[in-house]
Each structure stands twice: as structure tokens, then as C-alpha cells.
Amino acid sequence: KNCTSNNTRIVALSLRLFLPIIRNFREGLKPEIEAFVTNVFFVILDSQNSTVEHKSLVLTMFKEICSCEDTLAEIFLNYDCDLSAVDLFHRIVTALAKQGGGAAENSSGSQMGSIYSDGLINTLYASAGNARNIALRQSHRELKLNAMTALRQVLASLYASVKVLNPPSNNVNTDDSVFSGTSGRSSSVATTYLPDNSTMASSSWEQQPSNGTSASAATAPSSNIVKMYDSKRKRREQEAEIFIRFNQDAKAGIRYAGECGLLDVTSPEEVAKFFLTNKDKLDKTLIGDYLGREPEYQNGFCVRVLHTYVDMIDLKGLSFDDSIRFFLSGFRLPGEAQKIDRIMEKFAERFCKQNPHVFPAADTAFILGFSVIMLNTDLHNPAIKPERRMTKEGFIRNNSGICDGKNLPDDFLIGIYERIQRSPISLKEDDVAREKADTQSGGTREFFFGSNQEAEVIVKTRETKFLQERDQIVRNTEMILQQQRRKVSSKPGKQLTSSKHTSNNNINAATVVKFLRTSDALKDDYVTPMFEVTWGPALAVFSTAIEGANDASKLVSVVPEQEIDLIMENATSTLEVCLSGFRLAICTAGLCGNDTARGAFVHALYMFTRLGTGRLLDTRNIRCVQALLRVAREDGELLGDTWEYVFKALTEITRLRQVYDELSRQERGRTSRHIRSYLNVHHDDSDSSDVSDDDNDKHNKLTDEDEMDRRAIDEVNALALYEAIPEGTVDKIYHRSSLLSNAGVKDFIFQLCRVSRMEISGYGGHVGSRANYVDGEKLSGRSITTRGNDPLAPCKHQPIIYSLQQIVEVTHYNMESRSRLAFSEIWSTVAAHLTSTALHSNPAVALYAVDSLRQLSLQFLHREELGMFEFQRKFLKPYEVVMEKSTHSSTKELLLNSVEQMVLMFGESNTNADTKLKSSVKRGTLRSGWKSVLVVVGLAGRDADDGIAKLGFKNLHGLLISCMVKKERSSDEAKLNGCTSILMNEHFVDLIDALFMYVSGPREDLSMFAVVQLVDMSHWITDEAYPLSISSSRSISAGANVDLSSDDICSPNLGLWWPILLGLSRNVGHANVSVREKCLEVLVDMVNQNFFPPAKFSPLESSSGSVAETKNYSKLQTLRFIFKGVLIPTLEHAEMDASTLFATPELPEDFVRFVSLPNSSGGISNEQAQNNWLNSTLDPLLDSCISICLRSIDVFGSDDLIEEILSMFNNCLVSDSGALAVKGLRRLNLFLTRDLPREKITCDTWATVSHMCLRCLAVRSGIYAAEDEDGGDDAAYAAPEEDVFIGRRYIASNATMIIGNLLIDNLYATSMGLNWYLFLTTGIGRGIKEWEAAAARDGDDNSTAFANEEPSSRPPSHLENALYGRQWIVRLMLCLAAKDDLQEGPQQTVQQLLKEETQSLLSLFLEKESALGSLPVNEKVAW
């Protein structure tokens, strides 16, 4: 009663007593506190009739509660995390948000709208001059301010709780007077907004009860708190869906509640309890209709629900009309009389049961109940005229004789009549709708702008209504407390052990639970969900307040003079509260990891700055800019991905600062004074006296935003920001990035790169838009313009590079202050952005990005790098990517110049002219970065621009010259300079790769010169005076086709030779004939000069000792590896040459073509034929390899390399190119008959050659098909493969010729022996059979199969190959018949071969004769 008293002093004292109660006794008064707060304080705040003073006192109490983090946390733990309790913390936040963000209310219950709304200013303040109205409006403004202050205290308490767990690394204010508007405020959020100890000492608020423990039987583990809250939140969401469905269809809503498991739809008790508990959330019309259903509906279930519902209502001690009011407050009576009859009948029974002494029978209560309902309708129905309404006498007369034939007392009936007449029986929803309708009829204007007498009447009316609400508050609260006491007393064995600490049940709880304290739970468990509840309402309230805080200049014409100061003071206080709330919310969100909330607050704050919108900035926008910068400066660790908005703001601030600098240079003094007068800054009587009428006209035009152009608006905003933000503030934010943690600076860098990409590409909000235009030529290149003379003319996007500049600065700040590992993570982000920017289509932007890379590289290379680390290599990797992918010659030229500068500054000194540089830079710090330098220089050799290629080769040649100069110096001097140990020892292979990039380039002169340089570089390997480190060959094994780590390789320098040999091998396939001939010549010379013993060496020396044998074996194995990994892979160039694949192979001179047409002289030209790889390079390559092989036989006395030569020929024979295979066959024949001494041809060599030749006789590629005895499915794929490799027809004929020539030569026939002689002869015979079978399968005439081919390119027929083979078989049979021509051997085998071949020949002859005899004469002649 005292908390709802009309005397505000009594209310204040009552609330003052409530605070220590909730502080010291909340552990034992959990249900009482819930009942008190929900049924008293919330009702007062929600009431339309309570006074502003009353609401203000309640808000002050809530502000005190919210100022204590422990109290606020325990409210959340014990109510919001309890499934059986109300969401008390959530309701507190919602109530504060409603009071702080909702529209202010006038005394008549209407809403007057926001005082700061632009659209309502003229209406509200017209003729509003009396002091009463001014005071009332001011009280409403203070009320909203108190609510926002309390809501801010909630955020402050949450921040204080979570900050203890996660203290920000840089939340220290080093300069409290950075902004003019914040000079008197502390930098620490906690000390600014948390309650101070001196204030709370008087009430002992911070002290917790020293004694007293809960007498509970169960404890909720802290690990389950979040689960409990999530479960309750999920349940609330389900309940909200249930209410929505019920309000559309009662039956569907009840069914869905059963599906969710929240209601037993088969239990009348559960359904009735559901109606009672949620009567304010459900449609009361549908509830009444459901309760009044007929007994036949759902087998009488609704009737049982009605009876249970009524039995749950406590009417004991209530008067009859109050019982009806209370009974009908939960639903609306249905319209059908039968339904009303069933409902009132049960009500009468319940009333008489709980109040047996009022009526002798339930019939009396039933009839009187109907009569009261009819009286209520008659007295308060607007459709009934006053003179026709029921009187007291009529009401008494209508109820005569209803009490067992007797009359009820007149005083009893008159009392009911008067109370119904004074206060109608109606639902709360109807009362609210009625008051709202009265408000819309003009109550607001009458109260605020009407006479004092009318205002007094409205005040009295509100007081009367609040008295009624007060009585209802008291009754409801007492009823709830009585129910609670009865529940406690009804539980046996639950005796109180202490009057101070009592075990309590919740209102709807069935068991005793412990009152959770903050010490029972971890702060991480509850702070995060508490903030999730708070941040949404707080954002809405603060945003609405900031949006409505207009400047006083817009209110001067409509607001009384005596009120303008009050409005401005309140607006300033409101703005400060909102901005401090924003900062608290941003910090708390960052500490809790709520990215959504943090992003919403920072984005809203950025939008309130109006930066980049092209509009004038007023005071609130300037304060928002200051607040945003302060958060960035002091709480940057917590911003995360919201740095994006800060950087956008910084870009615009810097642009406006440049506008101001331009104004200063142009000395626009008069315009500056006009702007200052608009901003009410530095008012001067002398200035105003000097302004003429014409100047005032110009000033009015200047300060009218609608009439100002963009340039004028920028000038006004520039001056405002210049005076509000001290110089150096923006730079300080970037500089403080070095104080951020590693995770914080990663977010900082990533978002800065993202904003830079937006600025350059022209997307991402206002950054880079036309509103940001400033002439780039006048701003020292900060923006790159593509406009003409008209700055407002339509144009392409104007890239802005401010953030790109800051990336360089920030990287510079963090380079020295962080470890290499941490900086490498930062650099990966920066390098990716700079690389993409350097590849921009705008050459100017690309050049700036490359220049940024150059600046950072020069700084980074000052740091020395230890051996085996590759930090420099990773740092300079963007140079390689840009050089390879850029399309701008200017960009590549700058890259090459940057690389040259790095070499000059951080490479080794080459001449005495570098003495001056040594004193200013660190020489010799370039180590792993040499690889990137050499890659960049080498990639220039492949560029299409001759100037780039020549510039790159000039740089590379300079490095080579420096190495040569050092080589010529004395050994001691070379050691002192150390060039050899870094560039040559560690990056010899990289230097070789760079040269080969020029060798493989399109320019013959550079390629030839690079080959010469390679020859000079190879001398380093052979010069024992300057040994190269083995580390220089660490990366070349990956490009080899052999294992260079094998134990068989004893040559320690092969790893250094390998990249040279392999590079030359690859360039033997160069498009330029001269280059590939030169590469082949150099390759062969290197092998001959460096991998053979000196000329004085003799094979006999190998017998002199094991050391010599080991050396010889090592060199021989080295040669084998060179063949396998260098020389043999060179043949791949033949197949890669398109002219080789489509070249027509040669046929034997004695080959007869009687089916296909002979080759014509058409085809490629002689010049093309000479330049293709097959004709120009294959023979010199094979000749060179054979010469190396023959020399190895002479030098080492070993024929091991013959196997490698045969492997080369085998690669030719199995090639897809028929021309290559034919050339290989013919060169193989020459190798055996001309090059290789016959006595060096071993049995193993003949075996290898025999199988190679036999495979060439096959119709299809692969293993000789005739060797498959069972055949299988070979024919299924033989034909398709033959169509693809038609060159095998040429190969077969040439193989037959070569085999025949070897077999008819008695010397070679004797050398190979009878076994291989018979093997080859039999092979030709089996080949003939296969050719004939293929001809039978494809047809004798191949004109159909190759109809689309040119006649000159048609292959020979299988029949032609078979005839050619028969000719050679006849010759071979004649040789076999002459026994003297053969070695002695098994005569039976020879005779069997002769017999088989003779039979085959005769059978074929007879078959053809028979076929010819059956043909007509004309066809026989043609045959």
C-alpha cells in the first residue's frame, strides 16, 4: 500500500526500505520479491494513470538494483533460469526499455509522441507557454532519461562482471582530454558508470549477509545454468507459438501445446490451469467459447475443463460483485444464452461452496449473477439512453423473491448497484481500448493546451483511476502471498529453522530449491545470456534517443524561450547516456564474443555519424564521431570485425581534414566566420558587427542544407570536425595497433585491407562514392581521379588509396614490435591485398601498391635472418606473383627497379663505390630473399615487352658480373666479403633457374647470351678453389626423374650440375632452331668435359687399386643417371612437336604399293621440314648420345651405356609418332651396323634388339600380339587402336626391312646366333599372318577406311605389308637352305621352320589361284 501511495514521500521511504530487503533477505524471499516486483512496480510503470513522480521513483529504485552486479546476476540466476518462475531480469530490461524508448505520456493517458520528433514540433509547441505544461514536459523528459540511465547501468554491471574475467589489453586512457566533449569523464567504463563505493556505503549495498545459509535440499550445478536458461528460452518460444495458434484456433493451439510436451491435452486439470495461467496472453473470447461448449462436444471434455477451471478460482472472502469481476477477468462470456447458463451455474456453485453464509442456495447466486450481468450491460451500454437505464428500484424489483421466495436485503443489492455503476465489469483489454479511443478524440490537446480548469479535471480523473488500480494491485499481491503461505503451511515437515532464513517455494513450484548466489556459478555462465537479453532493447532505446536529439536551432521558432535551455540540457544528458551505453554494449559484446550485438552497435554508431552521406553534421553527429573514435582508441581490442566501420569513418574524417587544409590555404576568412556562427562556436561581438546585410543573406544560404552544394557542405563539416577532433587523433588509432594482441591486430589488419579494397573497387557503402569527391591533384595524390574539369560530372569510379597508405603505416608499426611468427600471420593478409591491388586494372593504383611493397620490403630487410629460415622468401613472394600475372609494363618496370634497389642496399658490396652506402644501410642481410629476387628478374625474360626483358637481363647480368669480380679476387678477400657464401653457395640453383628463364624466352639474342653465361657459371662447379656448399642443391631433386640421393652416386657435384643439365635438356626443345642447337651443343660439351676422366686416363688404371675402381664406377654411374634423367627425356620434345605427330613416315625403297596410292610430293614445305624438331634435332641428339656411349666404352672399358642407348631407341619405337619410330628404327640399324663394333654386341644386346624389332611388327602397339596364344578379346580393341595409330603400318614395313637386312648378313647372323636368328625369322612369319588377318577383317582395299584422307597421306595396306614380308621370308628360306651360311645347330628346328613357311606360302598361292579362277574375265584381268 505504501509503495502505491499518492504521497510521493511515503513511496520514496517504502522503496528505500525495499532496497535493503532485497539486498539482505532476497535469499529467503524469492517468491515475495517476484510477486512484489511483477504486481507492484511493473504495474506502476505500465499504468497510464500513475504519476510521473511515482514512475520516476520506481525507475530510481531499478537503477539502484541494476547498479549492483551481484544483485542483478542473482535475479537472473534465480528467476530467468528457473522454469517455474517469471523472467524477472528480462521483464526489468523490457520495462526500462519501454519507459526509455516509448513515447512520453500526458496526464489524460494519451501518447504525446517524441518531443524531439521533427514532424510534431510545430504542433506540440504552438501556444504552449504556461509553466505547468513546461514542467510536465520536462518531467517526461527526465523520466525517459532515468529509464535510459537505468538501462545503461545494466550494461555497466554486465561489463564490470565480464571485464574481471577478460580484461582488455589496451583499455587504458592515456589522454583523458582527447575530445572537448569528454574532457571531464574517466576513461574506464567501470569507474564511470558503476556505482561508486562512497555512495553505496550509507546503505551497505556492497556488503553481503555474513550469516545465513539456504535451507534447501538441492543445488543447481553451475554447469547446468546455461542449459536451464536455454531450456526456458526454448519453452518460451514454444509458448509464444502456442499463443499465436490458440488465438487463431483454440483447438489447434491446445493440440500444438500437447505436441510440444507442455500440456497434457487429455487432462482437464492441465487445460484449465493453462487457461488460468495464460489468460492475459490468450484470446479471452476463444477461452469463453471453449468453456461454454455443449456437453456433447469432445465427449464432454470441455465441460470437465469448465468445472476444473472454476474449482481452481479462489473466491473466498470476496463480495459477490467482486467475485464476478474476478471470475470474468479471465475470459469473455460467450454470446449464446445456453453457454452463459452453463458457465454461471458452475460459478454459483463455487461461490456458495467457498462462501456458505451469503446465500442459502446456489440458485440464488445463479439468478443474481445473471441479474448483475444484465445490470452491467444496461448501465454501461452507450446504445441505451440514460433515461431508459435501470434504476436502483428496478434492480431491487427484478431480484425480489429469488432467495427461497424471500427478498435479499436492499442494502446488499444497492451496494452491488452502486459499485457496478461506478466501475463497470469489463476486461482490461476493453478498458485500454476505450481509453485509447478517448485519447484520440483530443484529450492530449485539451490537457496540454487547454485551460487550467480542464487540466484539473483530467488530473482528478487520473487520480481516481489510479486509486482503483491501487486497490487491484493490493488485492492481487495479497492474494498471491496468501496462496504462497498456504502452500508452505500445507507441507508437513517443512518447519522454519530461522525467522531470517526461511525455505520458500516458488509460486508454482512443488519442491524446495536453493537460492543461487553468484558464488555458485561461473560468471561466464550467466553474463553472456544476460547480455543477449539486454542488448536488443538497449540498442532500440539508445538509437531512438540519438535519432531524436535535434539541435536547438530547429526548436527556436516553436519552443518557448524559458524551455529551450531545459530541452538542450536534457538532450545533452540523453546523448551522453546513450553514447556511454553504446560503448558499454560494444565492450561487453566483445568480451562475451557476441559478434552480432557488437556489429549492430558499431554499425548504428557509425550511421549516426552521417559521415560520407553528403549531409550537414550537427552536434549529435559530432559527438557520435568522437564516441566512435574513443572506442577505437581505447577499446580497439574488442572491436573485432567491426573495425570496418571505424576505418570508413577515418577515411571520411581524413578527407574532410584535407578539405579544411585547402580552405586554410585559400584563406577563406569570411566564409569561416559565417560557418562558425552557424555552429555557435567562438561567438564574437566584433565578428557579428562586421557582417553586413548582404553577408547575412549569404550566410542563410550557406547554412540551409537544401540550398548548399556538396562542396559547401563539405566545408561546413570539415570545420566542425577540425574543431571537435584534435589533430593526430586519427594517426593515434593506427599507431596503437601495435599495442593490440595478436588476435586483435589480425582483425585490425584484415578489416583495414577489406576497407581498402572497397575504396579501390568502389563498393561497400559510402566509401568511394561521389559524396567523397575531392580533387585528387590538389590532395597530394591521396585519391586518383579519372574525372575531367567538372568535379560533379558523371565519371568512372575514383579509386581512393587512403586506407592503402595506412596499411603501409600499420605494417610498419607492427613489424618491429612483434615476433616473426606473429608478423608472418599479419603479412599473409597484407601481402594478399597488396598483391591483388598491384594487379589492378588502373596502372596508377597498381604502381602505388608496388611502391608500398617496396617500402615495406626495404624496412623488413633491415632485420637480419639466420640461416635455414625463409622469412624473407615469404615476405617477397608477392613480387613473384605480380611479376608473373601483371599486364602493365610500368608495374613490372617498377618491380625490377625495386629489386635492383634491394640488391644495392642489402646485397653484398661489389666495388669500392659502395663505401658510402655501407654507412647508411645494412649490407649482406639479404639471404632467403635472393630466391624471390632471382625469380622476379628471371620472369622478365619471358615478358612480351622487350624493354622489360632487357631491363631484367641487365639486373641479372649485373649480379653475374659481381660474382665474377669476386671470383677474380684473392681467396681471403672473397671470404671477407662473403658474396660466395650467400648468393653462390645458397642460391646457385636459383641463379641458374633465372638464366634458364631467359634461355627459354622468345628472344634469340638474350637466349644465346644466357647460354654463354651458363657456361661461365658452370666453371664455378669445377673450380676447386671456390667450392660451393651442398645446400645450394637442396631444391633440385624435385625436378629429376631419378633418385639423386642413391648410394650409387659418389659424385658430390652432381646436385649442382643437375639443374644446368636438366635446363639445357628442356631447352633442346626450344622453338628457335639456333637456340636448341646451341643448348644441345653445350649440353654434350659439358657432359664430355666434366664427366669423363682426363685425357691421360687409361682403362688399365682401374686395375691399380680399389680407389681408382671406385672413382671409375662413380663416373660411370653418373653418366647413366645423366642418360636417364637428362638425355632420354629430351626425346619428349619430338612428341610435343605438332609437326612430328602428323609427319608421314618413310617406307622402304623396295616396298610395293599395289592397293594404296604412293605418296606424292605434297605436304609441308622444305623450310618447315628442316625446322621441325624431328628433322633438325633428333639425329644430332642421337649422334651425340651414341658418341658419349662409344667414348665411355673406350675410356672405362664398359658397355653399360649401350643399355641406355637402346632405351632411347625403345622410347622412339613406342612413340605415338610413326615418323619418330621409323627414324629410330633406321638409326638403330646404323647403330648396330656402323657405330657399335660387332665384337661389343653381346647376347643380351641381341636379345633386347630382337624384342624391340619384333614389337614393331605388331598391328597394334604394346607387346607383340602374336605371342598371345589364346587370343581372348584382343580383336575387340585391336581395330580401334589401329585406327588411331595408323603409323604402325609404316613401322612394320621398316622393321621387316631392318630385320631382313640383319638376317641376310652372315656376320651379324653369326653374331646373334641361331636362336635369335630363328626368333626373328619366325616373328616375321607370325607378323605376316597377323597382317593378313587384319586385311581380312578390314577388307583388302583401305580406300573406305581412309576415304577422308588425302591420297598422299594414306598409309600402306596390310596386304602390302604382308607381301613385303613374304618377299623377305623367301630370301630368308633360301639362306636357311644353304647350310653353310649358318652356324652348326639343331637341324630339326631349321627344317621345321622351312617346312612351315613353305606350306604357308603354297597354301596362300593355291588359295589365291582358286579365288582368281572363279572371277569373271574382266575382273581377272584387273586382278
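Residues numbered from 1 in each chain as written. Predicted model: local features only at pLDDT ≥ 70, side-chain atom pairs only at ≥ 80, totals over all residues. Heavy atoms only, no water.

Overview of the overall build of the protein
Rule in force here: In this description a helix means any DSSP run of H or I spanning at least four residues, a strand means any run of E spanning at least two, and both kinds are numbered starting from the N terminus. A 1.4 Å probe rolled over the protein chains alone gives each residue an accessible area, and that area as a share of the maximum for its type sets the label: buried under 20%, exposed over 50%, partly exposed in between.
Scanning the protein from N- to C-terminus turns up 60 helices and 0 strands. The buried share of the protein, taken over its 1423 residues, is 51%.

Structural notes on the environment of Val745
Definition in use: Contact definition: two residues touch when any of their heavy atoms are within 4.5 Å.
Note that Val745 resides in helix H32 (residues 742-761). Residues Val745 and Asn814, spaced 69 residues apart in sequence, show a C-alpha to C-alpha distance of 8.8 Å. Setting aside residues no more than four positions away along its own chain, Val745 makes contact with Ser737, Leu740, Asn814, Arg818 and Ile826.

Looking at the pattern of salt bridges
Put simply, the rule is: Should a side-chain nitrogen of Lys or Arg be within 4 Å of a carboxyl oxygen of Asp or Glu, the pair is scored as a salt bridge.
Taken as a whole and assessed by the stated rule, the structure comprises 47 salt bridges. For Arg233, the salt bridge goes to Glu532, with nearest N and O atoms at 3.0 Å. Of this pair, Arg233 sits in helix H10 (residues 225-248) while Glu532 sits in helix H22 (residues 523-548); the two residues are 299 residues apart in sequence, bridging distant segments of the chain. In this structure Arg233 comes out as partly exposed when scored by relative accessible area, which is 34%.

Looking at unusual backbone geometry
Most peptide bonds adopt trans geometry, and most residues besides glycine take a negative phi value. For Asp404, which is not a glycine, the phi torsion comes out positive at approximately 55 degrees. Here Asp404 lies in the loop between helix H18 (392-398) and helix H19 (410-422). The phi angle at Arg610 is positive, at roughly 65 degrees, despite the residue not being glycine. Looking at the secondary structure, you find Arg610 in the loop between helix H24 (595-609) and helix H25 (619-634). What makes Arg610 buried here is its relative accessible area of 14%.

Details of the confidence of the model for the protein
Inclusion rule: pLDDT gives the predictor's per-residue confidence on a scale running from 0 to 100.
Averaged over all residues, the pLDDT of the protein equals 75, while 68% of them reach at least 70. Within the protein, helix H9 (residues 197-200) has the poorest average pLDDT of any element, 31, and H24 the best, 94. Under a pLDDT of 50 for its full length, residues 441-451 has, in the predicted model, 31 contacts with residues more than four places off or in other chains.

Observations regarding the environment of Glu34
Structurally, the position occupied by Glu34 is in helix H2 (residues 30-46). The buried category is assigned to Glu34, whose relative accessible area is 4%. Taking C-alpha positions, Glu34 is 7.6 Å from Val86, a pair spaced 52 residues apart along the chain.

Points about a negative patch on the surface
Heads up, the condition is: Each patch is built from residues that are more than 30% exposed by relative accessible area and take part in no salt bridge. Like charges join if they lie within 9 Å; nonpolar side chains (Val, Leu, Ile, Met, Phe, Trp, Tyr) join within 5 Å. Note on areas: Shrake-Rupley with a 1.4 Å probe; residue coverage comes only from the protein chains shown. Positive charges are assigned to Lys and Arg, negative charges to Asp and Glu, while His and the chain termini are left out of the count. Charged side chains are reduced to one point each, which is NZ for Lys, CZ for Arg, CG for Asp and CD for Glu.
Where like charges cluster on the molecular surface, the negative patch consists of Asp661, Glu727, Asp731 and Glu809. Along the chain, the position of Asp731 falls in helix H31 (residues 729-735).

Some remarks on the packing of aromatic side chains
Let me state the cut-off plainly: For Phe, Tyr and Trp, rings pair up if their centres lie within 6.5 Å, where Trp contributes its six-membered ring, and each pair is then called stacked (planes under 30 degrees apart), edge-to-face (over 60) or tilted (otherwise).
Counted according to the given criterion, the structure contains 45 aromatic pairs. An angle of 50 degrees between the planes, with centres 5.3 Å apart, marks the rings of Phe953 and Phe1009 as tilted. Of this pair, Phe953 sits in helix H41 (residues 946-968) while Phe1009 sits in helix H44 (residues 1004-1022); the two residues are 56 residues apart in sequence, bridging distant segments of the chain. A residue is classified by how much of its surface remains accessible, and Phe1009, at 36% relative accessible area, is partly exposed.

Points about the packing of helix H37 (residues 877-885) against helix H38 (residues 889-906)
How we decide: What counts as an axis is a line fitted to C-alpha atoms, over the stretch in contact for a helix, and the angles between N-to-C directions run from 0 to 180 degrees. Small angles under 35 degrees read as roughly parallel and large ones over 145 as roughly antiparallel, with 65 to 115 read as roughly perpendicular and the rest as oblique. Here a crossing is taken to be left-handed if its near helix is turned anticlockwise relative to the far helix by less than a right angle, and right-handed if that turn runs clockwise. Polarity classes work like this: nonpolar for Ala, Val, Leu, Ile, Met, Phe, Trp, Tyr, Cys and Pro, charged for Asp, Glu, Lys and Arg, and polar for all others, with Gly in that last group.
Where H37 contacts H38, the two axes come as close as 9 Å, and the packing angle between them is 150 degrees. Considering their axes alone, H37 and H38 lie roughly antiparallel with respect to each other. For the pair H37 and H38, the sense of crossing is left-handed. Within the contact between the two elements, H37 uses Tyr879, Val882 and Met883 and H38 uses Thr891, Lys892, Leu895, Leu896, Ser898, Val899 and Met902. Looking at the contact of H37 with H38, its residues break down into 7 nonpolar, 2 polar and 1 charged.

Remarks on helix H12 (residues 268-277)
Rules: This arc corresponds to the set of directions leading from the helix axis out to the C-beta atoms.
Turning to H12, its buried residues are Pro268, Val271, Ala272, Phe274 and Phe275. For H12, the arc enclosing every buried residue in end-on projection is 155 degrees, short of the 170-degree limit, so these residues lie on one face.

Section: the side chain of Asp618
With respect to the secondary-structure elements, Asp618 resides in the loop between H24 and H25. Asp618 gets classed as buried once you look at its relative accessible area, which sits at 9%.

What about the state of the cysteines?
We count it as follows: Pairs of cysteine sulfur atoms within 2.5 Å are what we label disulfides.
Overall, the coordinates contain 0 disulfides when judged by the stated rule. Here Cys1212 stays unpaired: no disulfide links it, and the sulfur of Cys1185, its closest cysteine neighbor, is 9.9 Å away.

Concerning the environment of Val533
One can find Val533 in helix H22. For Val533, a relative accessible area of 9% gives the class buried.

Here we look at the packing of H24 against H25
Where H24 meets H25, the axes come as close as 7 Å, and the angle between the chain directions of the two elements is 140 degrees. Between H24 and H25, the interaxial angle falls into the category oblique. The handedness of the crossing between H24 and H25 comes out as left-handed. Contacts between H24 and H25 involve Val602, Leu605, Tyr606, Phe608 and Thr609 on the former and, on the latter, Asn621, Cys624, Val625, Ala627 and Leu628.

A few points about a nonpolar patch on the surface
Residues Val1152, Phe1154 and Leu1363 make up a contiguous nonpolar surface patch of roughly 260 Å² in combined accessible area. With respect to the secondary-structure elements, Val1152 resides in the loop between helix H49 (1138-1141) and helix H50 (1166-1171). A relative accessible area of 42% places Val1152 in the partly exposed class.

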